[in-house]
Structure formats: C-alpha cells, structure tokens
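Structure at a glance
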Amino acid sequence: MRVALPILPLLSAFLLCPAQASAADVAQRPEVAAAAQQLQDKVLTWRRDFHQHPELSNREERTAAQVAAHLRKLGLQPRTGVAHHGVTAVIKGGKPGPRVALRADMDALPVTEQTGLPFASKATSTYRGETVGVMHACGHDAHTSILMGVAEALVAMREDLPGEVLLVFQPAEEGPPDNEEGGAAMMLRQGIFRDFKPDAVFGLHVTSALPVGHIGVRSGPLMAASNRFSLRVIGRQTHGSRPWGGIDPIVAMADVIGTAQTIVSRRTDISRLPAVVSFGAVKGGIRHNIIPDEVQALGTLRTFDDGMRDAIFADLANVTEHVAAAHGARAVLDIERDDAYPATINNPELTARMLPSLQRVAGVGNVIEPPLQMASEDFSQYARQAPGLFFFVGSTAVGVDAETAPSNHSPQFLLDEGALDVGFRALLQVTLDYLNGAPAPAPATAG
Ligand SMILES: [Zn+2]
Ligand SMILES: [Zn+2]
C-alpha cells in the first residue's frame with residue numbers, strides 16, 4: 001500500500017474521551033515493556049535479514065521457511081503452504097478467553113533499492129518477463145519481524161494468557177503475479193478462519209507519512225476498495241490524411257477519458273465519501289499517418305462504499321458506450337469485480353475499545369487520526385470476516401519531514417527502526433488488552 005497522511009490531531013470526541021487519558025491509563029503493560037526490551041535485538045536482526053533477502057508476491061519461500069522455523073522453535077505447530085507460502089499457527093493460552101487473529105504480510109516489490117543501507121537488497125527476480133530489483137519498499141519486512149517477536153512474547157506468557165491467538169503470516173499482499181491467485185482472500189478460502197473463528201483481527205502497517213513514535217488510527221472507513229478496469233474503443237483503420245474514410249478511435253478514446261472525469265466530479269456525492277477514477281495506461285496506433293483500428297486503456301477505481309462503486313461503474317459503462325457511439329465507434333469495457341481489495345473498514349466499537357491501548361504505547365498526543373487513504377489493503381478481507389482493526393505505525397526518522405520523505409513503494413523508502421519497537425509494543429499491548437477483556441470505553445458525553 002501507499003499512503004500520504006498529513007498529521008492531524010485526533011478530533012473525534014467519540015474516540016478521545018478525556019476520561020481515557022488519565023495518568024493511570026497512559027502506562028503500557030509492564031510485561032509489554034519487558035518483552036520489548038528482551039526481544040528488540042531479535043526483531044531488529046530478523047528485519048535486517050528479511051530486508052536483505054526480499055521476495056516478490058507468491059515467491060516468499062525463504063521468508064516463510066524462516067517464519068515456520070521460528071514458530072517451531074517456540075514449540076508451535078505451524079501450518080505451512082497456505083495460499084502458496086502462507087504460514088499460520090495457534091498459540092493456546094492457559095486460561096479460557098476470546099480468540100484473536102494477528103496478521104503480518106511478507107512480500108516485497110519489484111523495486112531496485114536506493115537507500116544505501118549496509119543491508120540494502122541486491123536481490124533480483126523476474127516480473128512480467130523482465131529482470132527486476134526486489135526491495136522491501138513497503139516495509140512488510142518490519143511487519144513479519146514484529147509478528148515473530150509478538151509470537152515469542154505471547155508463547156513466553158502462555159500459561160497466564162486468556163484465550164487463543166492465531167498468527168497469520170500472509171503472502172502476496174501486493175497482489176499475485178498475472179494469472180496467479182494469492183493473498184488474504186486465498187488464505188481465507190483455504191480455511192484459516194474456518195478452524196479458528198476470531199472474535200477480533202488486528203494488523204498494522206508502517207508508513208513514511210508519519211514520524212517514528214506516532215500511530216495513526218481511524219474508526220470506520222480507513223483505506224479504499226480498489227477495482228481495475230480495461231477499455232477498448234474500436235474504430236476503423238484509415239490513412240491519417242483521410243480521417244473521413246474510417247472511424248478514429250483515438251479521438252473517441254480522448255473524449256471517453258475526458259467525460260469519465262465528470263463521473264466523480266459531477267455525478268458522485270463526494271461530500272459523503274471520496275472516490276477516484278484514474279486512467280493509468282493508454283495504448284493505440286503505431287505510425288504518424290495511420291489512424292488505428294483500436295485504442296486500449298487501463299484504469300483504477302477507488303471507493304469506500306459498494307453502492308458508490310457500483311454506481312460509478314454503471315456511469316463508466318454508460319459514458320464509454322455512448323461517447324464512443326457518438327463518434328461512430330464501439331466500446332468494450334471490462335470491469336474487474338474479483339473483489340480482491342475491498343475497502344478496509346475499522347470496526348467502530350473495536351477501534352474505540354482499543355484506542356486507549358495504542359495511546360498507552362505511543363502516548364495520547366502521538367496517536368492521530370489520519371485522513372481517508374485512497375490506497376488499498378487486503379487486510380480488508382479479514383475485517384469482513386471478523387471485527388477488524390488496522391493501524392499505521394510511523395517510520396520516518398525524527399528530523400526528516402514525513403510529508404516529503406520518500407513514501408512506501410519508493411526505492412528510497414527508509415524505515416527508522418524505532419518503528420519496530422513501536423509496532424511490537426502496540427500489537428502486543430492491543431492483543432493482551434483484548435484477551436484480558438479491556439472494557440469498552442464509556443460513551444463520550446456532550447461537551
Ligand atoms: Zn505496498
Ligand atoms: Zn504494504
């Protein structure tokens with residue numbers, strides 16, 4: 001995922017009830033602090049190792065083997081090979097209690113690293129037939145290491161732990177290669193929540209858009225649904241000097257793209273929730289003096305609401321058909337409805353309940369509410385099966401402007417390793433507080 005969050009104070013009165021910010025509440029659990037201190041070197045070492053050995057989506061063979069070996073060493077019985085290279089394991093506490101799932105993603109991106117770190121990746125792989133550099137440019141190396149650390153901490157306190165924890169190490173969050181399946185939806189299809197039905201699911205993402213030490217969390221919609229579409233406008237080929245002898249699909253496509261921009265700006269109620277229609281590729285023609293038969297385009301739609309998404313796609317179908325027809329051309333619109341990336345919606349009750357846990361870890365003033373993110377996350381798949389909470393962990397070094405720092409997916413994406421500590425403590429604190437029955441906060445009173 002890619003994010004750009006200006007830092008806003010947490011405004012919601014519902015979330016920031018003053019009663020939650022009393023001095024007694026702001027301390028994190030002593031066992032969290034102790035575990036963080038004890039495990040921080042390990043988490044750091046794992047992260048650097050993963051960073052140096054990144055693997056593309058659905059190719060996380062080495063990463064998965066390291067994870068499984070670690071879990072076996074802890075005495076767990078990991079299930080491997082889930083959705084290709086996914087790994088899951090259950091930690092059973094010594095006392096009865098609720099069931100929690102914790103998810104980390106493991107894949108890297110076809111990006112050639114330019115950080116200059118001593119443990120920078122020199123790995124290459126093949127992507128869409130090309131040799132590419134591979135880099136943990138989205139920080140999933142941090143997520144995997146943090147969850148390995150949290151697993152070790154939870155196993156160490158297993159006797160006193162109420163309930164059960166499912167660890168989910170997921171491949172292919174960034175999307176499987178063409179013609180392959182993978183990611184969260186495939187792990188769910190393979191039954192990871194069938195045998196273990198969680199009462200809550202938690203996940204986190206490091207982000208360049210927040211300084212290290214900060215946590216971003218938002219109740220309700222957080223990240224957009226992503227749907228791809230492809231479009232063909234078919235005309236009739238002719239000589240460039242004689243446009244009247246054919247049907248020009250280039251001019252027709254230009255009008256289709258232009259008119260498509262009015263779907264969001266003129267026909268969608270963006271006062272309710274934002275939406276984006278973008279074209280990312282247009283291809284057609286080969287010579288200056290041939291009007292081609294056909295032009296093709298690719299685009300993406302980002303929405304937060306199924307009804308809005310369906311309405312925009314209906315408008316897009318309408319625009320393409322009729323604008324192309326006005327040129328005498330024909331349009332074929334192909335909408336991807338596989339629903340791999342639905343909107344990520346944080347469960348409001350769970351968010352309100354766990355907010356104090358995050359505040360105890362980062363400090364009340366360091367937990368902020370980011371704006372809606374038009375990027376997507378397949379954590380949303382889990383959050384549709386169980387109440388979910390996904391939060392951001394700042395990873396830009398102090399003294400660097402987080403707004404202009406190279407973002408996730410950039411070859412210069414530079415994670416301040418302090419984010420490992422914050423992420424570890426946040427995930428462990430949230431898990432322990434939930435399992436121990438952290439009470440729902442009292443509803444905010446007027447004023
Ligand atoms: Zn990403
Ligand atoms: Zn990511």
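Residues numbered from 1 in each chain as written. Chains lettered and ligands numbered in written order. Predicted model: local features only at pLDDT ≥ 70, side-chain atom pairs only at ≥ 80, totals over all residues.

Spatially, β12-β14-β10-β15 is the arrangement adopted by the 4 strands of the open sheet, whose pairing is antiparallel. Each edge of the open sheet carries a strand with a single partner, namely β12 (276-284) and β15 (330-335). Within this sheet the neighbouring strands show an average axis-to-axis angle of 20°, counted without direction. Pairing between β12 and strand β14 (residues 294-303): 8 bridges, direction antiparallel. Opposite Val277, over in β14, you have Leu301 as the bridge partner. Sheet strands in contact with helix α6 (residues 249-267) are β10 (225-234), β12, β14 and β15, and its direction is about 170° off that of β12. Most of the contacts of helix α7 (residues 306-326) go to β15, to which it runs at about 160°, and overall it touches β10, β12, β14 and β15. (Pairing = 2+ DSSP bridges. Helix = DSSP H or I, 4+ residues; strand = E, 2+ residues; numbered from the N terminus. Axes fitted to C-alpha atoms, helices over the stretch in contact; angles between N-to-C directions. Contact = placed C-beta atoms within 7 Å.)

Examined at the domain level, the protein chain breaks down into domain 1 (18-224 + 343-435) and domain 2 (225-335). Taken together, the contact between domain 1 and domain 2 spans 6 residues of the former and 8 residues of the latter. (Domains from an automatic or database assignment.)

Here α6 is 19 residues long and its end C-alpha atoms lie 25 Å apart, about the 27 Å a rise of 1.5 Å per residue gives. Buried within α6 we find Pro249, Ala252, Met253, Val256, Ile257, Ala260, Ile263 and Val264. An end-on view of α6 places all buried positions within 140° of arc, on one side of the element. Turned more than 90 degrees away from the buried face of α6 sit Gly258, Ser265 and Arg266, all of them exposed. For α6, the secondary structure elements touched by its buried residues are β10, β12, β14, α7 and β15. (Expected span 1.5 Å × (residues − 1). Buried ≥ 20, exposed ≤ 12 C-beta atoms within 10 Å, placed from the backbone. Arc of directions from axis to C-beta.)

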